[in-house]
Each structure stands twice: as structure tokens, then as C-alpha cells.
Amino acid sequence: MLLIRNAQVLDPQPRGTLDVLVGAGHILAMDRDLAPGLPAEVIDAQGALLCPGFVDSLVHLSGGGGEGGFATRTPALRPEQALRAGVTTLIGALGTDDVTRSHADLLASARALSASGLTACILTGSYQVPAPTLTGDIRRDLVLIPEIIGVGEIAIADHRGSHPSVVELARIGADARVGGMLAGKRGTVLVHVGDHDDGISRLHEVCEASPIPVAQWHPTHMNRHAALLRQAAPWAARGGTVDLTASTTPTLIAAGDVPAALALRQLLHQGVSSERITLSSDAQASLPHFADDGTLLAIDTASMDSLLQVVREAIEEHGLPLSQVLQTVTSTPADVWGLRKGRIAVGMDADLVLLDPRTLHVQATVARGQVHRFDR
Ligand code: ZN
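Residues numbered from 1 in each chain as written. Predicted model: local features only at pLDDT ≥ 70, side-chain atom pairs only at ≥ 80, totals over all residues. Heavy atoms only, no water.

Asker: Explanation requested: the nonpolar core in the structure shown.
Answerer: Nonpolar side chains in soluble globular proteins tend to be buried together. Leu61, Leu77, Leu90, Trp217, Leu244 and Met304 are the most contacted members of the largest nonpolar core, which totals 83 residues. Beyond its immediate sequence surroundings of up to four residues, Leu244 is in contact with Met222, Asn223, Leu229, Ala260, Ala263, Leu264, Leu267, Ile277, Thr278, Leu279 and Ser280. Core analysis: the next-biggest nonpolar cluster, separate from the first, contains 18 residues, Val9, Ala45, Leu50 and Ile344 among them. (Core = buried A, V, L, I, M, F, W, Y, C linked by side-chain atoms within 4.5 Å. Buried < 20%, exposed > 50% of the residue type's maximum accessible area, 1.4 Å probe, protein only. Contact = heavy atoms within 4.5 Å.)

See below:
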């Protein structure tokens, strides 16, 4: 049992100062002046912010990269990296490299993370079409493997992808939808959008040519350049959701990346609801910077810390409302992926993050009831 006293609860909407009682990995009660009734570890939050544990929509759990040869492959994520960043639910994916990286390895990485109380789900497929899978096809993967909740990252408008046709994309969307239906999952398809001017026009074509709902697709890296970001509001107006990538580098910003906090401000000001926008870290991905002629100029590794940094920047530097920013890393990604996560309520998993109200640094993360404290 764990009793968190005197916390300013954001569920992610503000609920005032409450005590929250946790037991057997779940939230048992939320009220003022709770008495646990049984022996419990007590944390006095002293007015710290208690939010749902963050849901990160794109993490290369088992490592990624390799665009500059084998020496540029990136390492697997360690559980402390997630816990320190306040992330308790992760959606893992392969990336460019589906030759030396496999879904079996990705699944094993996810299961290893769950030993620390983290909830790690994965996606079948990769950048490539036809999509490589674990069991032979997308539907079987979704139906038979509990951790597989969707498909991705399917690459469009990118020189590293396989340039899928409208028919190929529609088939992937249909397989994801049917496999998801049979398994009681959303079957969301995460679409990696590259640098090419086409942006998400291929997704609009698929929506026009097929009866697959717009909400089946979740395009990511929408802040990759200003022209692509301009395509986000019309996509949201059509019923779609978009993902902004938190990790970037000064080099990539100089080359046109829109910093995620700024992109979030622009979308909210354009009237896009925070229920349609998610933020993801793309952690452990390589961040390659290519010249116009395709030459690789530089490569970095994306960090999971970027998610909290962007949340902080959005609130402190851009003055965006705390609960709206929190939605993009809690309830909205949970809804996009169809997960019972991202909210604080009695009966939900005890996935919580305690933030310093002044600096927004993580003081403690609770992952399915396991407490991890961080002194700063
Ligand atoms: Zn990507």
C-alpha cells in the first residue's frame, strides 16, 4: 500500500489537493484526508503535482538507427531512462532497420521493461511495405500477441521507406483494423512521415479511396518542417490525430525542424484540440541529418528526456495551459492507442508521476504501484 498525501492532482484536469491511495498496482481511493486502514508507505507530496504517468507513443525500445552503418546503431532503452522521464507506458517500434532488428527482440525488450512496472506495448511492421511481422501477417500478430497493439512506423514521403501505393496502405489499414477488432484493440497505424513535399497527401488519398476511418492512422514527425506542420490542422479537421516529435537537435532545427513546444502552440492556436495531438520522444532513434543530395552529414541519438523538456518548455516558455499540455502525453495518447492508461481515477493502474510544482522536475514515478524516487 502506498498513500500519497497533499498532492495537487491533475487527472490530467485539475482536481485540487487530494490524497491518493494505491494498492496491488491500482488506485484504490482518492479523497481529502484519507486513512489507509492498513500499514502503508506514506509520501507527503507537500503540494507537488500528481499527474498520470506519461504515455510515449514512439520509442525504439530495442534500439534503432544504423543509417550511417553498423557503428551508428543505437542501444536499447534502460528502464531508469523511462522512469526518470516520468514515462510509465511506452509504445515500441522498429524503424529503418528491420534486417538486424526483429519483432522477437522488440517483444523481449518490452517484456524486460515490464519487470520494472512499466507497461511496454509494441507495433508490428517497420518502415517497409510489405510489412515484416512476427507471426506471418498483421492480423495474426494483433490477435495472437497481447503486447502488439498496432502497426508502425510505416514510412511515407521518406527516401528510407518503400513508397507504398494507396492500395498497399489501405490493405495495411484494413488488416490493422480487423486484427484490432478481433483482439479488442484499436489497431492504430503509426505513420512515419519523411521530408518529402508530399507530406501526408498519400494518407488523404487512402481516406478518399477506402472506407477505413481517418482515426485508424496516426502520422508522426508532423513538426519535421513548417510545410508538413501546416498539413496537421486540415488532417485534424477531418477527424485525424497527429503526433509531434519531442527529440530534435540544433542542427535539425537549423535545417527546418519546428521545435515540438512551438509546434504544439501553433496547433492549439489554430484551434486543434489537445485531444487530437500527442507528443512522443522517438527515444533511442537515430537523428540523422541528410544533405539535399542524400549524403549523411550527422547522426545523434534521441533521448526520452526530451518529452518532459518539451512539456516544460510548452508551459514555461510558451505559456500553454498545464492540463492541455499534459493531455498530449497522457489521456490523448492512451485514447489513440486504446489503452486504459493516462488518467488518474479509482480502479486505474497506479501509473503516476510526481512533479515539482516550480521546476516541473520528476520527484517520483509510480509504475503499476512500484515507487521510484528521484532526488535532485
Ligand atoms: Zn520515424
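Let us keep going from here.
Asker: Sorry, what's going on with the coordination of the zinc ion here?
Answerer: Geometry sets the ideal angles at a metal, namely 109.5 degrees for four tetrahedral donors and 90 or 180 degrees for six octahedral donors. Donor atoms from the polypeptide that bind the zinc ion are Glu153 (OE), His192 (ND1) and His221 (NE2), placed at 1.8 to 2.2 Å. Every donor residue of the zinc ion comes from the same chain, spaced as E-x38-H-x28-H. In this pair, Glu153 sits in strand E9 (residues 148-156) while His192 sits in strand E10 (residues 188-193), placing the two residues 39 residues apart along the sequence. We classify Glu153 as buried; its relative accessible area is 1%. (Donors = N, O, S within 2.8 Å, 3.2 Å for Na, K, Ca; no water. Helix = DSSP H or I, 4+ residues; strand = E, 2+ residues; numbered from the N terminus.)

Asker: Explain helix H2 (residues 103-114) here, please?
Answerer: Think of an α-helix as turning once every 3.6 residues; residues three or four places apart then point the same way. Helix length check: H2, at twelve residues, gives a terminal C-alpha distance of 17 Å against a target of 16 Å (1.5 Å per residue), a fit within 8%. Turning to H2, its buried residues number three or more, namely His103, Leu106, Leu107, Ser109, Ala110 and Leu113. Buried residues of H2 fall within an arc of 160° about the axis and therefore sit on the same side. Where H2 is buried, its residues meet helix H1 (79-84), strand E7 (87-92) and strand E8 (119-124). (Expected span 1.5 Å × (residues − 1). Arc of directions from axis to C-beta.)

Asker: Would you mind showing me how to read the pairing of strand E18 (residues 370-373) here?
Answerer: On a regular strand, each side chain points to the face opposite its neighbour's, so the side chains alternate between the two faces of the sheet. In this structure, strand E17 (residues 362-367) lies alongside E18, joined through four bridges in antiparallel fashion. By the bridge assignment, Ala364 is partnered in E18 with Arg373. Linking two consecutive strands that pair antiparallel, namely E17 and E18, is a turn of two residues; a positive phi of about 40° is found at Arg368 within it. (Pairing = 2+ DSSP bridges.)

Asker: What is the right way to look at the packing of helix H4 (residues 166-183) against helix H5 (residues 201-209) in this model?
Answerer: Between H4 and H5, the least distance of the axes is 9 Å, while the angle of their chain directions is 70°. One way to sum up the angle between H4 and H5 is to call them roughly perpendicular. For the pair H4 and H5, contact is made by Val166, Leu169 and Ala170 and by Arg202, Glu205, Val206 and Ala209, respectively. Class assignment of the residues belonging to the contact of H4 with H5 gives a composition of five nonpolar, no polar and two charged. (Axes fitted to C-alpha atoms, helices over the stretch in contact; angles between N-to-C directions. Parallel < 35°, antiparallel > 145°, perpendicular 65-115°, else oblique. Nonpolar A, V, L, I, M, F, W, Y, C, P; charged D, E, K, R; others polar.)

Asker: Mind showing me how you'd approach the pattern of salt bridges here?
Answerer: Side chains that differ in sign of charge can pair as their charged atoms come close. Using the criterion set out here, one finds 15 salt bridges in the structure. The partner of Arg139 in a salt bridge is Asp175, and the shortest N-O contact between them spans 3.5 Å. Pair noted here: Arg139 is in helix H3 (residues 138-144) and Asp175 is in helix H4, with a separation of 36 residues, a long-range link. With relative accessibility at 38%, the residue Arg139 sits in the partly exposed group. Judged by its relative accessible area of 22%, Asp175 is partly exposed. The shortest N-O distance in the salt bridge between Asp158 and Arg160 comes to 3.0 Å. (Salt bridge = Lys/Arg side-chain N within 4 Å of Asp/Glu carboxyl O.)

Asker: Any chance you could explain the pairing of strand E1 (residues 2-10) here in plain terms?
Answerer: Sheet topology places E1 next to strand E4 (residues 41-44); four bridges connect them, and they run parallel. Bridging across to E4, Ile4 finds its partner in Ile43. Bridge count between E1 and strand E2 (residues 14-23): seven bridges; the pairing is antiparallel. When the bridges of E2 are listed, Val9 appears paired with Gly16. As defined by bridge partners, E1 adjoins strand E5 (residues 49-52) across two bridges and the pair is classed as parallel. Considered in E5, the bridge of Val9 is made with Leu50.

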